[in-house]
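If you want the building blocks of each chain, they are given just below.
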Amino acid sequence: NCEKNNFKILTETTKSELWTQYDSVMLADFLIPILTPIISIIGIVLNILIIYVVTHKKNQKELKEKQYKYMVINSVCAICVLTIQIFNLMTECQDELLGLFCSKIYKLVAIQYYKMIVGEFLSNALQLMSNFTYVAFSLNRLSLIGTEQSRITMCVSEMAIKYFIIISAVLSGLLSVV
């Protein structure tokens, strides 16, 4: 039974009795400063573990292929991004009026420059570079399967890692400016 009166009664009760969107925003504002360092530290530890496993001398024979070097580069980029995320908390003010979380130094000029240069530009460039290395890792794995490969797969799998890093760093920097 869908009448206008029933709908009006339903919307009035949901506004007053149930969880509102404002409550969700307040909960997120409360949890972000708590969970960001915890999740970032877990990510840093796991990426260090990836680097250790791939570069450990016992595994050198099995993991000597180029694709694993891309894994290490990806992990280094991820560690840098996660570290930046931890330090980005000093640039945050969740709700100054309610005082949920406000860094005492977030209004300083140096912190604002940090937020723009490191927190926005460098973090985005590193995330994009991480994505490029993941694509290169995937294309290198793909090149090991079968005999007929696409030009892009062959190009990336045959490219020297130094050139790939330079190209992806330049592209990441340029695309992060835009």
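Check the entry above for the structure.
Only a predicted model underlies this, so the values are computations on that prediction, with no experimental measurement involved.

**Q** Can you explain the overall build of the protein chain? Please cite residues and give values.
**A** Across its full length, the protein chain carries six helices and zero strands. For the protein chain, the α and β elements follow one another from N to C terminus as α-α-α-α-α-α. The proportion of buried residues among the 178 residues of the protein chain is 31%. In the structure as shown, the protein chain presents an accessible area of about 12600 Å², 68% of it carried by carbon and sulfur atoms.

**Q** Explain the packing of aromatic side chains to me, and be specific about the residues and the numbers.
**A** The full count for this structure, using the stated rule, is two aromatic pairs. Measuring from centroid to centroid gives 6.2 Å for Tyr134 and Phe137, while their planes differ by 35°, and the two rings are tilted. Taken together, the positions of Tyr134 and Phe137, both in helix H4 (residues 109–143) and three residues apart, correspond to about one turn of that helix.

**Q** Pulling in residues and values, what's your account of the nonpolar core?
**A** It is characteristic of soluble globular proteins that their nonpolar side chains tend to be buried jointly. Counting residues in hydrophobic clusters, the biggest one holds 15 residues, and the most contacted among them are Tyr70, Ile73, Cys77, Leu126, Ala136 and Phe164. Going through the elements one at a time, helix H3 (66–87), H4 and helix H6 (161–177) are the ones with two or more residues in this core. Considering each element in turn, this core owes the most residues, six residues, to H4. Look past the residues within four positions of Phe164 in its chain and what remains in contact with it is Tyr70, Phe132, Thr133, Ala136 and Met159.

Definitions and cut-offs
- Residues numbered from 1 in each chain as written.
- Predicted model: local features only at pLDDT ≥ 70, side-chain atom pairs only at ≥ 80, totals over all residues.
- Heavy atoms only, no water.
- Helix = DSSP H or I, 4+ residues; strand = E, 2+ residues; numbered from the N terminus.
- Buried < 20%, exposed > 50% of the residue type's maximum accessible area, 1.4 Å probe, protein only.
- Areas by Shrake-Rupley, 256 points an atom, 1.4 Å probe, with all protein chains shown as cover.
- Phe/Tyr/Trp six-rings, centres within 6.5 Å; stacked < 30°, edge-to-face > 60°.
- Core = buried A, V, L, I, M, F, W, Y, C linked by side-chain atoms within 4.5 Å.
- Contact = heavy atoms within 4.5 Å.

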